[in-house]
Amino acid sequence: MTSNEVRKKYIDFFVKRGHVEIPPAPLVLENDPTTLFTSSGMQPLVPYLMGEPHPKGKRLVNSQPSIRVQDIEEVGDNRHMTFFEMLGNWSLGDYFKAEQLPWIWEFLTKELVLPKDRLWVSIFEGSKEVPRDEESANIWKKLGVPESKIFYYPAEKNWWSRSGTPEEMPTGEIGGPDSEVFYEFAQVKHDLRFGDKCHPNCDCGRFLEIANSVFIQYRKGKDGKLEDLPQKNVDFGGGLERIVTAVNNDPDNFNIDLFQGFIKEVEKVSDIPYGKNPGGDRSYRIVADHLRASVMLISSGVLPSNKGQGYVLRRLVRRCVFHISKIKGSTKLPVIRNLDKFEYPLKLKSWSEISSVIDDEANKFSKTIDRGLRLVGKISPFGLFQTYGFPLELIEEALAEKGQKVDKNVFKKEFEKHQERSRTASKGMFKGGLGGHSETEIKYHTATHLLHQALRNVLGEHIHQAGSNITAERLRFDFTHPSKLTDEEIEKVEGEINKKIDENLKVTREKMPKEKALKEGALAFFPERYPDITSVYTIGPLDNSYSKELCGGPHVAYTRELGRVKIERQESVAQGVRRIYAVLE
Ligand code: SER
């Protein structure tokens, strides 16, 4: 079965059961400064899981392009990926466990014809606050899953929220216990290095998680305890690539059709077929995965840079260059043909557009490699990693050539510290997502809308938002404008914003069809990225507004809550793009 067939079967299966197919969210949320990427299908649905009525009803389905970079170091085995598609179905306070689990079972065993005896399931074992999920266990038993294939796990494995276990959930975060289905590759023998006994969550490669039904029924309360949501929801997610891998009964994810175009081109560059390289398959897989993810990011408008999404893209391309050089000894990246052969729920740019970005970055890195190599032995291995983006493997090889050894423990410690810092940063960003913006960040968000409009009024309508980033300390706003703002212009912009703050304008959120919003003149610089029914924020009277933008929110209720806005500095970001930093006082 092809990936396209599996995706279609899944969507059709749930549409037949009363679900409406909704468009996927963009991979990169340009106007949501709180998160880097969409990493699960539920992310854009948080308000609806919390009780707000969804315009398309209570049963939804889609396939969501997603990126998870936390596991980037794991890519290279036969099942980890950075970019993947997540098949998802949702019940927004409608059906629950008694429908969801039998449907997933039916989909896997009847539609995809996966042998029942290869399917194992996991259940939440319970905690102080939430009971053991016997209800799900009984449903699985009724469906014919033998007790020997039902495993109970703690919250680390069978609880899902965007930030992890109940203890890790910030106030306002939603989540719940989940029940997963694993496919067993009977041909893979347990590897004792991963423990004495094999079980569904064992990492030896015998089991692959293919389905996750989350029962989102809790929210973290202000007192730190879980409280019931007004409705019980189902949030299902299953990785398309992994499901196809199970359908093929071949434990190597990279043998599925979606990766073949990439693997074949890597083979062409190396002249050695995949699976036959004496150096192993790891580099082939890394290049295939990272190139595919780069295609998706560049198609979503990301360019390599030192921060945020751009930094992730930079890292992906650099690792590709390094691993190509490991396979072949040259840094020439493969040309990906037939990109349009697969249907992705994401519009891809042409390879020529994509490769001009990739090649540019790859060339830069090739030069950095040379510069970095000259510094080997002069600066610390971790310095090489941090400053020049050298992966550890490269540093080890380079030092070995120069007759030096990397003290892996020292490097590891430094690296862990670095990872912890990045994790904290990205968690902070995620935590600030739809469920949990801090009060200050919300104020900055509204201030950004005021700034945007004031810039357009003072400088002209050629001003378009080109980027936005908010922290609890400041707002940063990029916009199209050819020249440096004069002191007088800055004063005018600042004055206008503060005048609007003093007028204490009401901020109104409305849901409306995208077309209507655009007709009414709402600002939207990536209109194709918004769903058909979208939310619009208006500042000032609805019939005579000061500002109107398509936006996911949230915002303050009245502008006076902002206090005072001060523009701190400006700089140039690229030709024709300026950046302003502003603070609230
Ligand atoms: N949100 C869950 C996950 O990402 C299920 O969709 O696994």
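Reading the values: rules and limits
- Residues numbered from 1 in each chain as written.
- Predicted model: local features only at pLDDT ≥ 70, side-chain atom pairs only at ≥ 80, totals over all residues.
- Heavy atoms only, no water.
- pLDDT = per-residue confidence, 0-100.
- Contact = heavy atoms within 4.5 Å.
- Near = heavy atom within 4 Å.
- Polar contact = N/O pair within 3.5 Å; in protein donor to acceptor, adjacent residues only side chain to side chain.
- Areas by Shrake-Rupley, 256 points an atom, 1.4 Å probe, with all protein chains shown as cover.
- Helix = DSSP H or I, 4+ residues; strand = E, 2+ residues; numbered from the N terminus.
- Salt bridge = Lys/Arg side-chain N within 4 Å of Asp/Glu carboxyl O.
- Buried < 20%, exposed > 50% of the residue type's maximum accessible area, 1.4 Å probe, protein only.
- Pairing = 2+ DSSP bridges.
- Axes fitted to C-alpha atoms, helices over the stretch in contact; angles between N-to-C directions.
- Parallel < 35°, antiparallel > 145°, perpendicular 65-115°, else oblique.
- Left-handed = near helix turned anticlockwise from the far one by under 90°.
- Nonpolar A, V, L, I, M, F, W, Y, C, P; charged D, E, K, R; others polar.
- Phe/Tyr/Trp six-rings, centres within 6.5 Å; stacked < 30°, edge-to-face > 60°.

**Some remarks on the confidence of the model for the protein**
Detailed reading of the predicted model is not advised wherever pLDDT is low.
So, step 1. Scored by pLDDT, the protein has a mean of 88; 90% of the residues are at 70 or more.
So, step 2. Contacts of residues 422-436 to residues separated by more than four positions or lying in other chains number 26 contacts, the stretch itself having pLDDT below 50.

**Considering the site of the ligand**
So, step 1. Inspection of the region around the ligand gives Ser40, Met42, Arg68, Met86, Trp160, Asn212, Val214, Asp235, Phe236 and Gly237 as its neighbouring residues.
So, step 2. A distance of 3.4 Å separates an oxygen atom of the ligand from a polar backbone atom of phenylalanine 236.
So, step 3. Protein contact buries 96% of the 230 Å² of open area that the ligand shows by itself.
So, step 4. Looking at the shell around the ligand, the elements that each hand over two or more residues are β8 (207-220) and β9 (226-239).

**With respect to the pattern of salt bridges**
So, step 1. Per the counting criterion, the structure on display carries 31 salt bridges.
So, step 2. Here lysine 9 and glutamate 111 are joined by a salt bridge, their closest N and O atoms 4.0 Å apart. Of the two residues, lysine 9 sits in helix α1 (residues 3-16) while glutamate 111 sits in helix α3 (residues 97-111), which places them 102 residues apart along the sequence.
So, step 3. In this structure glutamate 111 comes out as partly exposed when scored by relative accessible area, which is 27%.
So, step 4. When the shortest N-O distance is used, the salt bridge between aspartate 478 and arginine 579 registers 2.7 Å. Taken together, the residues span a long stretch of sequence, with aspartate 478 in strand β11 (residues 475-480) and arginine 579 in strand β16 (residues 577-584) at a distance of 101 residues.

**Section: the pairing of strand β3 (residues 83-91)**
So, step 1. In terms of burial, β3 is a largely internal element, 9 of the 9 residues being buried.
So, step 2. Because side chains alternate across β3, one face comprises the buried residues Phe83, Glu85, Leu87, Asn89 and Ser91, and the other comprises Phe84, Met86, Gly88 and Trp90, equally buried.
So, step 3. In this structure, strand β2 (residues 59-67) lies alongside β3, joined through 9 bridges in antiparallel fashion. For arginine 59, the partnering residue across the bridge sits in β3 and is serine 91.
So, step 4. Across 6 bridges, the pairing between β3 and β9 is antiparallel. Its bridge partner being in β9, glycine 88 is matched across the sheet by glycine 237.

**Some words on the packing of helix α7 (residues 257-270) against helix α9 (residues 308-328)**
So, step 1. Direction vectors running N to C along α7 and α9 enclose 50 degrees, while the axes themselves pass 9 Å from each other. When the axis of α7 is compared with that of α9, the two are oblique. Of the two elements, α7 crosses α9, and the hand of that crossing is right-handed. Counted together, Val266, Val269 and Ser270 of α7 and Ile324, Ile327 and Lys328 of α9 form the full contact between these two elements.
So, step 2. Residue classes in the contact of α7 with α9 are distributed as 4 nonpolar, 1 polar and 1 charged.

**Description of the sheet that holds strand β15 (residues 565-574)**
So, step 1. Sheet architecture is open: 4 strands sit in the order β10-β11-β16-β15, paired in antiparallel fashion. In this open sheet, the two strands that pair with only one neighbour each are β10 (465-470) and β15. Strand-to-strand twist in this sheet, taken as the mean axis angle between neighbours without regard to direction, amounts to 20 degrees.
So, step 2. In the packing of helix α14 (residues 439-459) onto the sheet, contacts are made with β10, β11, β15 and β16, and the angle to β11 comes to roughly 30 degrees.

**Here we look at the sheet that holds strand β14 (residues 547-550)**
So, step 1. Across the sheet, 3 strands lie side by side as β12-β13-β14; this open sheet has antiparallel pairing. Each edge of the open sheet carries a strand with a single partner, namely β12 (507-513) and β14. Direction aside, the axes of adjacent strands within the sheet are offset by 25 degrees on average.
So, step 2. As judged from the 7 bridges shared by β12 and strand β13 (residues 533-539), these two strands associate in the antiparallel manner. Within β13, the residue paired with arginine 509 across the bridge is tyrosine 537.

**Comments concerning the environment of cysteine 320**
So, step 1. Within the secondary structure layout, cysteine 320 lies in helix α9.
So, step 2. Cysteine 320 has contacts with Val287, His290, Leu291 and Leu333, leaving out every residue within four places of it along the chain.

**A look at the packing of aromatic side chains**
So, step 1. Under the definition given, this model contains 19 aromatic pairs.
So, step 2. An angle of 35 degrees between the planes, with centres 5.9 Å apart, marks the rings of tryptophan 120 and phenylalanine 151 as tilted. Note that tryptophan 120 is positioned in strand β4 (residues 119-124) and phenylalanine 151 in strand β5 (residues 150-153), a separation of 31 residues in sequence.
So, step 3. Taken together, a centroid distance of 6.1 Å and an interplanar angle of 20 degrees make the contact between phenylalanine 477 and phenylalanine 479 stacked.
So, step 4. Among the residues examined, phenylalanine 479 registers a relative accessible area of 0% and is labelled buried.

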